[in-house]
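Survey of secondary and tertiary structure
Each chain is listed here by its residues.
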Amino acid sequence: MERKFFKTDLAFQGFSKLHPKMQEVAKFAVDTALILGVENPVITETLTTKEVDKALGRVSVSHQQGRAIDLRTWNMTEDQIADLYHALQRQYGHIGAWTKLGVRQLIS
């Protein structure tokens, strides 16, 4: 994936270290955002460290394990966000994390 789709060089470099399925999900998310008319889809976070997650107050280790990304949404309309969410759930919802309610959720 091109550097232009990442907020920072660190996020871009971390992409290659993500789990291969997460790389696939990230590419799908960016491609779908472009199809939906998002002018500049941006992945803001990829692989992180324990120290970064602690500073951000994260309780999950999914970023440290290469199983998560963050995607900028402030540059999307509510319809684009909803459509992207539904497309991701349709395509990859079956691999999402189990919630306390016993359902899989790809996006939080």
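Scroll up for the structure.
Residues numbered from 1 in each chain as written. Predicted model: local features only at pLDDT ≥ 70, side-chain atom pairs only at ≥ 80, totals over all residues. Heavy atoms only, no water.

Section: the pattern of salt bridges
All told, the structure shown has 5 salt bridges when counted by the stated rule. The closest approach of N and O atoms between K21 and E24, which form a salt bridge, is 3.4 Å. In this pair, K21 and E24 are both assigned in helix α2 (residues 20-35), 3 residues apart and thus about one turn of the helix distant. For K21, a relative accessible area of 33% gives the class partly exposed. A residue is classified by how much of its surface remains accessible, and E24, at 35% relative accessible area, is partly exposed. Residues D70 and R58 are paired through a salt bridge, measuring 3.0 Å at the closest nitrogen-oxygen approach. (Salt bridge = Lys/Arg side-chain N within 4 Å of Asp/Glu carboxyl O. Helix = DSSP H or I, 4+ residues; strand = E, 2+ residues; numbered from the N terminus. Buried < 20%, exposed > 50% of the residue type's maximum accessible area, 1.4 Å probe, protein only.)

Observations regarding the packing of aromatic side chains
Within the structure shown, the criterion is met by 3 aromatic pairs. Ring geometry for F28 versus Y92: centroids 5.4 Å apart, planes at 75°, classification edge-to-face. Taken together, the residues F28 in helix α2 and Y92 in helix α4 (residues 78-92) connect sequence positions 64 residues apart. Residue classification places F28 among the partly exposed positions, given a relative accessible area of 21%. On the basis of relative accessible area, Y92 is assigned to the buried category, the value being 5%. (Phe/Tyr/Trp six-rings, centres within 6.5 Å; stacked < 30°, edge-to-face > 60°.)

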